[in-house]
Amino acid sequence: MMLTAIGAVLAGPVHTSNLLNLLPVDTGAFRAELITLTRLAVAGAVILLLVGIVHVLASRSSRFGWRGLLSLVAVPGLAALFFLYGPPLQPAPYLHELTTDLATPPRFHIIPERVYDPLLARDVAGSPLMDDYAARHDTYFADLTTAYFDQAPAILRPRILLTVRSLGWTLVSEGAGNGPVEAYTVTPWFGDRSNFAIRIRENGDGSLLDIRAVSSETGTEAVRNVERIRKFLAALRSSATGTESAGSENNR
């Protein structure tokens, strides 16, 4: 139990450190396996602790001493670690890229684009290189569509910057000229990074907005990014004055 707790605590710093780059292995795949092993170890420890507590309570000869008290404290702690390291509880595929415009997704100008190796299975899986990538995206994330706002880009852009900052994202570029707003997030423990490109285009008296999220190499942020996009759009709509709606660009 103690080794599991120590391993769970150290897994984050090891995952984010540059020490893994010294290993003669595919560090991206190793980081992903490290997360998986941590989840399994924490889940196993929680099960064993619960079994131990039940055994102590059911046995009349057993004494509920300091070990039992420690178990009562450790169970919720390890359970919290399990949910922290575990995948989001929603039936969605791990797609490394999510966007409101599959045909012409926003591109990064400052943040480097993620490069996928077609010879690596872990790169192909969940990436736009997959044959059914677009079909999966449309099936599970059909609500991610181009958003229309009745404000001109010059008025909408400052609101976008405020929304990005309010969500705690790190702003990289405010998008000079017609460039995209670029930002990223990093998880506090494993250091998994997701990059965001936000494109604003003039549409009559209003604006069309598209956003694209690209997860880090481990893919652990792939499902969470859809909630980040939804939260961003909801926050932007609530902060913008006037009437706005979301819909396909083809309908505008």
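None of these values were measured; they are calculated from a predicted model.

Asks: Can you lay out the pattern of salt bridges for me, pointing to particular residues and giving the numbers?
Replies: In this structure the tally under the stated criterion is ten salt bridges. The partner of Glu-113 in a salt bridge is Arg-212, and the shortest N-O contact between them spans 2.8 Å. In this pair, Glu-113 is assigned in the loop between strand S1 (97-99) and helix H4 (121-124) and Arg-212 in strand S6 (residues 206-215), connecting sequence segments 99 residues apart. With relative accessibility at 25%, the residue Glu-113 sits in the partly exposed group. Among the ionic contacts, a cluster of salt bridges with common partners joins Glu-97, Arg-107, Glu-113 and Arg-212.

Asks: Talk me through the packing of helix H6 (residues 153-166) against helix H7 (residues 224-239); I want residue IDs and the actual numbers.
Replies: At a closest axis distance of 10 Å, the pairing of H6 and H7 adopts a crossing angle of 125°. On the basis of their axis angle, the class for H6 and H7 is oblique. Here H6 runs over H7; the crossing is right-handed. Two secondary-structure elements touch here, H6 through Leu-156, Arg-159, Ile-160, Thr-163 and Val-164 and H7 through Phe-232, Ala-235, Leu-236 and Ser-239.

Asks: Can you tell me about the nonpolar core, naming the residues and giving the values?
Replies: Membership of the largest hydrophobic core comes to 26 residues, with the highest contact counts inside it found for Ile-160, Trp-169, Ile-198, Leu-209 and Phe-232. Mapped by element, the contributors of at least two residues to this core are strand S2 (147-149), H6, strand S4 (181-186), strand S5 (193-203), S6 and H7. In terms of residue count, the dominant contributor to this core is H7 (five residues). Other than its neighbours up to four places away in sequence, Leu-209 contacts Thr-100, Thr-146, Ala-147, Phe-149, Leu-156, Ile-160, Ile-198, Arg-199, Phe-232, Leu-233 and Leu-236.

Asks: Tell me about the pairing of S5, residues and numbers included.
Replies: Summarising the sheet, S4 and S5 pair through six bridges and their orientation is antiparallel. Residue pairing in the sheet places Glu-182 in a bridge with Ala-197 of S5. Pairing of S5 with S6 involves ten bridges; the strand directions are antiparallel. Pairing of Glu-202 across the sheet is with Ser-207, part of S6.

Asks: An account of the environment of Ile-198 is requested, with residue identities and associated values reported.
Replies: Mapped onto the fold, Ile-198 is located in strand S5. Distance in space between the C-alpha atoms of Ile-198 and Pro-106 is 6.7 Å, their sequence separation being 92 residues. Among all residues touching Ile-198, those that are not within four sequence positions of it are Ile-160, Val-164, Trp-169, Pro-180, Val-181, Leu-209, Asp-210, Ile-211 and Phe-232.

Rules used throughout
- Residues numbered from 1 in each chain as written.
- Predicted model: local features only at pLDDT ≥ 70, side-chain atom pairs only at ≥ 80, totals over all residues.
- Heavy atoms only, no water.
- Salt bridge = Lys/Arg side-chain N within 4 Å of Asp/Glu carboxyl O.
- Helix = DSSP H or I, 4+ residues; strand = E, 2+ residues; numbered from the N terminus.
- Buried < 20%, exposed > 50% of the residue type's maximum accessible area, 1.4 Å probe, protein only.
- Axes fitted to C-alpha atoms, helices over the stretch in contact; angles between N-to-C directions.
- Parallel < 35°, antiparallel > 145°, perpendicular 65-115°, else oblique.
- Left-handed = near helix turned anticlockwise from the far one by under 90°.
- Contact = heavy atoms within 4.5 Å.
- Core = buried A, V, L, I, M, F, W, Y, C linked by side-chain atoms within 4.5 Å.
- Pairing = 2+ DSSP bridges.

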